[in-house]
Amino acid sequence: MRYVVMAILMTLVCFDLSMAQTRDQQRESLRGIQGVEVVIEDMRPDAQADGLSQEAIRAAVELILRSNGIRVVTHSESMKTPASPYLYVRVSTSNHSSDIFAYAVTVAFMQKVSLVHSTQHMMSAATWEKASVGTTSHSNIRQVINSVESKIKEFSNDFLAANPR
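This structure is a prediction, so every number in the text was calculated from the model and none was measured.

A. How the structure looks around the packing of aromatic side chains. By the definition in use, this model includes three aromatic pairs. With a centroid separation of 5.3 Å and 80° between ring planes, the pair formed by Trp128 and Phe155 is classed as edge-to-face. Taken together, the residues span a long stretch of sequence, with Trp128 in strand E4 (residues 118-137) and Phe155 in helix H6 (residues 142-162) at a distance of 27 residues. Taken individually, Trp128 and Phe155 each receive the classification buried, so the pair is uniform in this respect. Ring geometry for Phe155 versus Phe159: centroids 5.8 Å apart, planes at 45°, classification tilted. With Phe155 and Phe159 both in helix H6 and four residues apart, this pair spans about one turn of that helix. Assessed through its relative accessible area of 1%, Phe159 is described here as buried.

B. Broad picture of helix H4 (residues 54-67). In this model, H4 (14 residues) spans 20 Å end to end at C-alpha, consistent with the 20 Å of a helix rising 1.5 Å per residue. All of the buried residues in H4 are Ile57, Ala60, Val61, Glu62, Ile64 and Leu65. Turning to H4, the residues buried within the fold contact strand E1 (37-40), strand E2 (86-95) and H6. At the C-terminal side of H4, Gly69 shows a positive phi close to 80°.

C. Broad picture of the confidence of the model for the chain. Residues at a pLDDT of 70 or more form 86% of the chain, whose mean pLDDT is 85. In this model residues 16-20 is a low-confidence stretch, pLDDT under 50, and it forms two contacts with partners more than four residues away in sequence or in other chains.

D. Focus on the pairing of E4. Pairing analysis gives 16 bridges linking strand E3 (residues 100-115) to E4, with the strands arranged antiparallel. Among the inter-strand pairings, Ala108 is bridged to a residue of E4, identified as Glu129. Two successive antiparallel strands, E3 and E4, enclose a turn made up of two residues.

E. Representation of the pairing of E2. Sheet analysis places E1 next to E2, joined by four bridges and oriented parallel. When the bridges of E2 are listed, Ile40 appears paired with Val89. One ladder, built from ten bridges, connects E2 with E3; its direction is antiparallel. Opposite Val91, over in E3, you have Val105 as the bridge partner.

F. Inspection of the side chain of Gln111 at higher detail. Its location among the elements puts Gln111 in strand E3. Within polar-contact distance, the side chain of Gln111 engages the side chain of Thr127 at 2.9 Å. What Gln111 contacts, discounting residues up to four positions off in sequence, is Ser29, Ile33, Ala83, Ser84, Pro85, Met123, Ser124, Ala125 and Thr127.

G. Broad picture of the sheet that holds E1. Spatially, four strands are ordered E1-E2-E3-E4 in an open sheet, and the strand pairing comes out mixed. Each edge of the open sheet carries a strand with a single partner, namely E1 and E4. Each strand axis lies, on average, 20° off the axis of its neighbour in the sheet, ignoring direction. Its contacts with the sheet place H6 against E2, E3 and E4, and it is angled at close to 140° to E4.

Thresholds applied
- Each chain carries its own residue numbering, running from 1 in the written order of its sequence.
- At least 70 in pLDDT is required for a residue's local features to be given in this predicted model, at least 80 for side-chain atom pairs to be given and counted, and no such filter applies to totals for whole chains, interfaces and linings, which use all residues.
- Water and hydrogen atoms were dropped before computing side-chain values, which therefore reflect all heavy atoms in the structure.
- Here a Phe, Tyr or Trp ring, Trp counted by its six-membered ring, pairs with any other such ring whose centre lies within 6.5 Å, and the pair is stacked when the planes are under 30 degrees apart, edge-to-face when over 60, and tilted otherwise.
- A run of H or I in DSSP becomes a helix once it reaches four residues, and a run of E becomes a strand once it reaches two; helices and strands are each numbered from the N terminus.
- Only protein chains enter the accessibility calculation, which uses a 1.4 Å probe; a residue whose area is less than 20% of its type maximum is buried, one above 50% is exposed, and one in between is partly exposed.
- Each residue after the first adds 1.5 Å to the expected span of a helix.
- When checking whether two residues touch, look at their non-hydrogen atoms; a contact exists if any pair is within 4.5 Å.
- Every residue gets a pLDDT, meaning the predictor's confidence in that residue, from 0 to 100.
- Note on pairing: two strands pair once DSSP finds at least 2 bridges between them.
- We define a polar contact as two N or O atoms separated by no more than 3.5 Å, with the added condition that, inside protein, one atom must be a possible hydrogen donor and the other a possible acceptor, whereas residues neighbouring each other in sequence contribute only through side-chain atom pairs.
- Here the axes come from fitting lines to C-alpha atoms, over the contacting stretch only for helices, and the angles between their N-to-C directions go from 0 to 180 degrees.

Structure, rendered in structure tokens:
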């Protein structure tokens, strides 16, 4: 029962309130982007102790992007472009017991946007986002990275559809 409650809570945390935004709108928001910075959020120490690291996630993300011909840029390169685009990856974990933990993966493409009624006011917003939740054993940490890779492949497909080579 405890696992069901935790899964429900994690689902609610990851629930995308902007469901009105269609896949086509998300894909269209990627048009004209020349490259993306990759930002990996810090992880909990218990997840790191099980072998999940920012470095492993970054390596997996950048490998998929580069293998699909998507340019990975530095922070300073990103900031020099009008949209200041970056791909934000968050892996949240919750330790349930000595052998099981729950995880939530969110991948969001962030870029500068403006308000319709105030175009001079710019802010960063997620214009493309995918999330998933699951549980796994501490010995199967690869499942979490597989979930991240799945979302990055979805992003890559949408990016390439919006920016054909």
